[in-house]
Amino acid sequence: PALLAALDDVVARGGSDLHVAADAPPMVRVDGELTPATGSTIWSRDDVTAMLETIMNEHQREVFAREWELDFAISPRGDFRF
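Just so you know, these numbers come straight off a predicted model, no measurement behind them.

1. Topic: the nonpolar core
Point 1. Ranked by size, the top nonpolar core spans 14 residues in total, and within it L3, V28, W43 and L52 carry the most contacts.
Point 2. Those elements giving two or more residues to this core turn out to be α1 (2-12), β2 (27-30) and α2 (45-53).
Point 3. When sequence neighbours within four positions are dropped, the list of residues in contact with L3 reads L18, W43, M51 and I55.

And the structure:
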């Protein structure tokens, strides 16, 4: 739910990207500026890992586990691509 809320915030604010890092709030890029997602809290490393593991395939999980970084896209509701 927290990830979907952050993605919804990107859409509502006309943002272009969602940046996620451990021990920080999710950040929305709007007009080139990064600001915290509306109503967000700091996401721990465990929070981020748990959220990402639910949306990554096995290959992506392996890359993420090895490099602790991954650039990929999802379309959770089929109407927007992130």
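2. Some thoughts on unusual backbone geometry
Point 1. Non-glycine residue D31 carries a positive phi angle of around 50°.
Point 2. Inspection of the secondary structure puts D31 in the loop between β2 and β3 (33-36).
Point 3. Under the relative-accessibility criterion, D31 is labelled exposed at 75%.
Point 4. Non-glycine residue W68 carries a positive phi angle of around 55°.
Point 5. Assignment of secondary structure puts W68 in the segment after α3 (58-67).

Procedures and definitions
Residues numbered from 1 in each chain as written. Predicted model: local features only at pLDDT ≥ 70, side-chain atom pairs only at ≥ 80, totals over all residues. Heavy atoms only, no water. Core = buried A, V, L, I, M, F, W, Y, C linked by side-chain atoms within 4.5 Å. Buried < 20%, exposed > 50% of the residue type's maximum accessible area, 1.4 Å probe, protein only. Helix = DSSP H or I, 4+ residues; strand = E, 2+ residues; numbered from the N terminus. Contact = heavy atoms within 4.5 Å.

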